[in-house]
Amino acid sequence: MSPRLQRLHGLVRKEMLQILRDPSALLIAFLLPFIMLIVNGYGMTLDANRMKLAAVVEAGAAQTRAIEEALDASPYLSVYWAPSGQAARRALDTEEVRGILTLRQDFAERLERPARWPAVAQLAVNATDPNTARLLQGYVTGAFTVWLQDVATERRFSTGGGPVLETRYWYNPQLRSADFIVPGAIALVMSMTGTLLTALIVAREWERGTMEAMLASPAAMAELIGAKLGTYFVLGMGSMAMSVLITVFVFRVPLHGGLGALTLTAALFLVYALAQGLFISTITRNQFVAAQLSFITTMMPAIMLSGMLFDIASMPRWLQLLTYLFPARYFVAAMQTLFLAGNIWSVLIPNLCGLAISAVAAIAATLAVTHRRLD
Amino acid sequence: MLSRILALIIKELTSLWADKQTRYVMLIPPLIQVIVFANAANYDVWHVPLSVWNEDLGSQSAEYIRGFSYSPAFAPAPDVFSPIQAQQMLESKTAAAVLHIPQRFSADMLAGRPSHVQLLIDARRSNTALLIGDYAAEITAAYAQRLNPAAPQPLDIELTDLHNPELESRWFILPGLVVALSLIMTTLVSVLSLAREKELGTYEQMLVTPLRPAEIMLGKAVPSLVVGLFEANLVLLAALILFRLPFKGNLPVLELCLALYSLTGVGLGLAISSFTRTQQQAILGAFVFLAPAIMISGYATPVENMPRAMQMLSLLDPVRYMLVISRGMFLENLPASVVVAQSWPMLLIAVVLLVAATFMVRRSIS
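Calculation criteria
The residue numbers shown here count from 1 along each chain, following its written sequence. Think of it this way: whatever chain is written first is A, whatever ligand is written first is 1, and the rest follow in order. The model is predicted, so local features are restricted to residues of pLDDT at least 70 and side-chain atom pairs to those at 80 or more, both for listing and for counting; the totals for chains, interfaces and linings are taken over all residues. For the purposes of this entry, the term helix denotes a DSSP run of H or I that reaches at least four residues, the term strand denotes a run of E that reaches at least two, and both are numbered from the N terminus. With the radius of gyration taken over C-alpha atoms, the globule rule is written as 2.2 Å times the number of residues to the power 0.38. Every C-beta atom is placed from the backbone, and the number of other C-beta atoms within 10 Å of a residue's own sets its class: buried at 20 or more, exposed at 12 or fewer, partly exposed in between. Residues are treated as contacting if the C-beta atoms built from their backbones sit within 7 Å of each other. Note on geometry: axes are lines fitted to C-alpha atoms, helical ones only across the stretch in contact, with angles between N-to-C directions running from 0 to 180 degrees. Any angle between 65 and 115 degrees counts as roughly perpendicular, while under 35 counts as roughly parallel, over 145 as roughly antiparallel, and the rest as oblique. Helix crossings fall into two classes, left-handed where the near helix is turned counterclockwise from the far one by less than a right angle and right-handed where it is turned clockwise. The classification used treats Ala, Val, Leu, Ile, Met, Phe, Trp, Tyr, Cys and Pro as nonpolar, Asp, Glu, Lys and Arg as charged, and all other residues, Gly among them, as polar. DSSP bridges decide pairing: two strands pair if at least two such bridges lie between them. Marked domain ranges trace back to an automatic or database domain assignment. Connectivity within a nonpolar core runs through C-beta atoms within 7 Å, and the core itself is a set of buried Ala, Val, Leu, Ile, Met, Phe, Trp, Tyr and Cys residues. To estimate the expected span of a helix, count its residues, drop one, and scale the result by 1.5 Å. Arc definition: directions from the helix axis to the C-beta atoms. A residue's pLDDT is the predictor's confidence in that residue, given on a scale from 0 to 100.

Draft legend 1. Examining the overall build of chain A more closely. Tallying secondary structure elements over chain A gives 14 helices and five strands in all. Taken over the C-alpha trace, chain A has a radius of gyration of 28 Å; the compact-globule value for 375 residues is 21 Å, which it surpasses by more than 25%. Projected onto its principal axes, the C-alpha coordinates of chain A cover approximately 95 × 45 × 40 Å. By the burial criterion, 47% of the 375 residues in chain A qualify as buried. Look at the contacts in chain A between residues 6 or more apart in sequence, and 81% of them connect residues 24 or more apart.

Draft legend 2. Local environment of the overall build of chain B. Helix and strand counts for chain B come out as 14 helices and five strands. Radius of gyration (C-alpha) of chain B: 28 Å, far over the 21 Å computed for a compact globule of 366 residues. Dimensions of chain B, computed from C-alpha atoms along their principal axes, come out at roughly 95 × 45 × 40 Å. Out of the 366 residues in chain B, the part that is buried amounts to 49%. When contacts within chain B are restricted to residue pairs at least 6 apart in sequence, those whose partners lie at least 24 apart make up 80%.

Draft legend 3. Inspection of the packing of helix H2 (residues 24-43) of chain A against helix H7 (residues 178-208) of chain A at higher detail. Residue and element names in this part refer to chain A. Put simply, H2 and H7 touch, their axes get as near as 9 Å, and they point 155° apart. The orientation of H2 relative to H7 falls into the category roughly antiparallel. In the crossing of H2 with H7, the sense of the turn from one axis to the other is right-handed. In contact with Ala25, Ile28, Ala29, Leu32, Pro33, Met36, Leu37, Asn40 and Gly41 of H2, H7 contributes Ala178, Ile181, Val182, Ala185, Leu188, Val189, Met192, Thr193, Leu196, Leu197 and Ile201. Residue composition of the contact of H2 with H7, by class: 17 nonpolar, three polar and no charged.

Draft legend 4. The arrangement of the interface of chain B and chain A in detail. Taken together, the contact between chain B and chain A spans 97 residues of the former and 91 residues of the latter. The biggest single contributor to the side of chain B that touches chain A is helix H6 (residues 126-147) of chain B, with 14 residues. Tallied by class, residues from the side of chain B that touches chain A come to 56 nonpolar, 27 polar and 14 charged.

Draft legend 5. Up close: unusual backbone geometry. Phi at Glu95 of chain A is positive, roughly 65°, even though this residue is not glycine. Along the chain, the position of Glu95 of chain A falls in the loop between helix H4 (85-93) and strand S3 (99-103). We note that His47 of chain B has phi near 55°; this positive angle belongs to a residue other than glycine.

Draft legend 6. Geometry of the sheet that holds strand S5 (residues 163-170) of chain A. Here five strands make up an open sheet; going across it, the order is S5(A)-S4(B)-S3(B)-S1(B)-S2(B) and the pairing mixed. A strand with exactly one partner marks an edge of an open sheet, and here the two such strands are S5 of chain A together with strand S2 (74-76) of chain B. With direction set aside, neighbouring strand axes in the sheet form an average angle of 30°. Bridge count between S5 of chain A and strand S4 (residues 115-122) of chain B: eight bridges; the pairing is parallel. By the bridge assignment, Arg168 of chain A is partnered in S4 of chain B with Leu120 of chain B. Along the sheet, helix H3 (residues 59-70) of chain B makes contact with S5 of chain A together with strand S1 (48-54), S2 and strand S3 (97-101) of chain B, crossing S1 of chain B at roughly 175°.

Draft legend 7. Region of the structure containing the domain arrangement of chain A. Looking at the assigned domains, one finds that chain A contains domain 1 (3-44 + 176-374) and domain 2 (51-155). Distance between the C-alpha centres of domain 1 of chain A and domain 2 of chain A: 49 Å.

Draft legend 8. A look at the nonpolar core. With 228 residues, the main nonpolar core has Ala187, Leu188 and Ala275 of chain A together with Ala97 and Ile132 of chain B as its most contacted residues. Not counting the four nearest positions on each side in its chain, Ala97 of chain B is found in contact with Val48, Leu50, Leu119, Leu120, Ile121, Asp122 and Ile132 of chain B.

Draft legend 9. A look at the packing of H7 of chain A against helix H11 (residues 287-304) of chain A. Residues and elements named next belong to chain A. Relative to each other, H7 and H11 sit at 165°, their axes nearing to 9 Å. The pairing of H7 with H11 is recorded here as roughly antiparallel in orientation. In this structure, the crossing between H7 and H11 has a hand that is right-handed. In this structure, H7 uses Ala187, Leu188, Ser191, Met192, Thr195, Leu196, Ala199, Leu200, Ala203, Arg204 and Glu207 to contact H11, whose residues at the interface are Gln287, Ala290, Ala291, Ser294, Thr298, Met299, Ala302 and Ile303. Here the contact of H7 with H11 is composed, by residue class, of twelve nonpolar, five polar and two charged.

Draft legend 10. Highlighting the sheet that holds strand S4 (residues 119-126) of chain A. Sheet architecture is open: five strands sit in the order S2(A)-S1(A)-S3(A)-S4(A)-S5(B), paired in mixed fashion. The sheet is open, and its two edges are formed by strand S2 (77-81) of chain A together with strand S5 (155-162) of chain B, each paired on a single side. Strand-to-strand twist across the sheet, computed as the mean angle between neighbouring axes with direction ignored, equals 25°. Strand contacts of H4 of chain A: strand S1 (51-57), S2, S3 and S4 of chain A, with the helix running at about 165° to S1 of chain A, the strand carrying the most contacts.

Draft legend 11. Just the environment of Ala54 of chain A, in detail. All names here are of chain A. With respect to the helices and strands, the residue Ala54 is situated in strand S1. For Ala54, a count of 23 C-beta atoms within 10 Å corresponds to the buried category. Along the backbone, Ala54 and Ala82 are 28 residues apart, and their C-alpha atoms lie at a distance of 6.0 Å. The residues touching Ala54, leaving out its near neighbours within four places in the chain, are Tyr80, Ala82, Ala88, Ala91, Leu92, Val97 and Ile100.

Draft legend 12. Highlighting the environment of Thr94 of chain B. Residue and element names in this part refer to chain B. Checked against the element boundaries, Thr94 lands in the loop between helix H4 (83-91) and S3. Judged by the 16 C-beta atoms lying within 10 Å of it, Thr94 is partly exposed. A C-alpha to C-alpha distance of 53 Å links Thr94 and Ser274, two positions 180 residues apart in sequence. Non-local contacts of Thr94, meaning those with residues more than four positions away in its chain, are made with Pro49, Ala77 and Met89.

Draft legend 13. Spatial organisation of helix H10 (residues 259-284) of chain A. Taking 1.5 Å of rise per residue, the 26 residues of H10 of chain A would be expected to cover 38 Å, and the 37 Å separating its terminal C-alpha atoms lies within 8% of that figure. Positioned one or two residues after H10 of chain A, Arg285 of chain A has a phi angle of 55°, which is positive.

Draft legend 14. Summary view of H4 of chain B. The set of residues buried in H4 of chain B consists of Ala86, Met89 and Leu90 of chain B. Buried residues along H4 of chain B cover an arc of 90° about the axis, so they all sit on one side. The inward-facing, buried residues of H4 of chain B abut S5 of chain A together with S1, S3 and S4 of chain B. Looking one or two places after H4 of chain B, you find Lys93 of chain B, whose phi comes out positive at around 65°.

Draft legend 15. Here's a closer look at the confidence of the model for chain B. Residue and element names in this part refer to chain B. When pLDDT is averaged along chain B, the result is 86; 98% of the residues meet or exceed 70. When mean pLDDT is compared element by element in chain B, S3 scores highest at 94, while helix H8 (residues 202-208) scores lowest at 75. Two numbers describe this predicted complex: its pTM, 0.82, and its ipTM, 0.78.

Below, the structure written as structure tokens:
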């Protein structure tokens, strides 16, 4: 064995022993992803089922009863029939319901003579959470549309010709938000474990001075960094495999893409995340600051700027440009496509290129700061 | 005794502030996050690329499409002329939706006949897809109204958006960020204050001083509390000044609630650090609790959407309660009964955690 290989072998062995001796590395690699995925998968859902709505019907009549039935039948709504406007308002103020639907006394009467004035249904929603508010409005309007069509066919008044919009939801026909959040959450988990893993462990080596000792040894800088990246890469890929298994078998997200493409995407992202962790620990050399920086540069962008939860196309232009600097963006786009749509190379290739460039840049930056730090 | 505790508190605060990196980490990243998140956190759709596959030759389809061009929700993507092109458009994400208008659309419209228009939506992002569908339905209804203004309108739904009339997502996110960031800082500072002393060996030194366990806890708790409140107010000010959020509630009450809430963060941090021996383990412990605590609190997605077990679990989460108070204080004048209903669980959590942490410290002495 050449001395170079022997050194590399020794270095990898040292890293392995270190991992086995201090369980916190294994904890970061396996326990943290597990908890994060379970919590994200079950906890973060945008599917609003059974939204609570208070309804006030001031005068009962045959027509309003049909509406009541239509509202009760909606799978998205859970209706509280409030005895009075005040009761409904109280429920809204204490956040027991998300909105109030009011049908005034003359509702049925106006409905009888649509030509004069339309019947008015008032819907007031608590818009503190605008997304939920908008969904609630959509569901109530939908329930009324269904009811109105029934009335129209029954009483044979025409709702006019006009376009009939048929909406088809592709790739995720049941509109399960878990199907896009969980593959996105893998990005969150991997960027956290990848970066935190190296950032904390190497920051401690700097704090204790063992890093200087290693650099003073005959091993070349590239060998040292290579051995560290290599060892933690294996650990990180293990946690990636676990994440994919949880996504597919626990959350039942379909995996349409190939395992090869998935592995390649994950490997590129992991190399980037590990190198970023090395970089952070080298410039900070302090565990508190390293933890804070990895939290801020990985977890927060992975949630907010990656497209995991919020649509990048709807952001202001300057922020859209900024998202290109965070590789979580490329990883999330690739993961969502791989899981829900398949190996679509027109989406994958640009994102894989983005990941590869980021990985190379992060490694180069780490090598550069380590050199400088020694002078 | 008081002067002893005061000395300890001052020592902790100066050691935090003296470190340039730590000082920087406490100030700059929170401000960057406020600015970035206030702009990024938007559930609404805006300028979604829409591609049209128009098989109609008449003028009515152009009129109908104009409704989409005028809507800020949509932006034009290249037209398509076949189902395969439509599919490629959606697959490659060049368009988020394809509108298919059939032959004889104009003729049908002018004759008062219905015509089936198809809207294909890329639902990889389910929430966006749902909103695109809603906007398209609105545009379609408006077009039908323009086409046939004399048609009886049997029903009119009047929509009112209370507390947030423009449906601004940042009005939802920023009061949440006040809560999330202050907890992260409070917990990290307190988790590290004990762990660092343990790792450096100064912990034993402190235990042999005349300070009693409760005094040590107090000396560690107050500085973290100060940092947490400082962070919360930093974000609060940024939200009010930079993003012009309304503030309709009572500021002293909010500060009081924030102090109580930060106390739960301190309790969490001290409880974790009493179990751990190194800073690294302490930081990890903090992550393991903080990340789920923020996720299941309703910070990003509503608690009522979660499965029942998760909702139950969130009852143990102080973030959940503080979020209700913070959002209520900014956007509406939250009734006192709601404030009280959210405060006592936080008090309970804080007491349990602090007692547990003091107990652990006492045990490590004996």
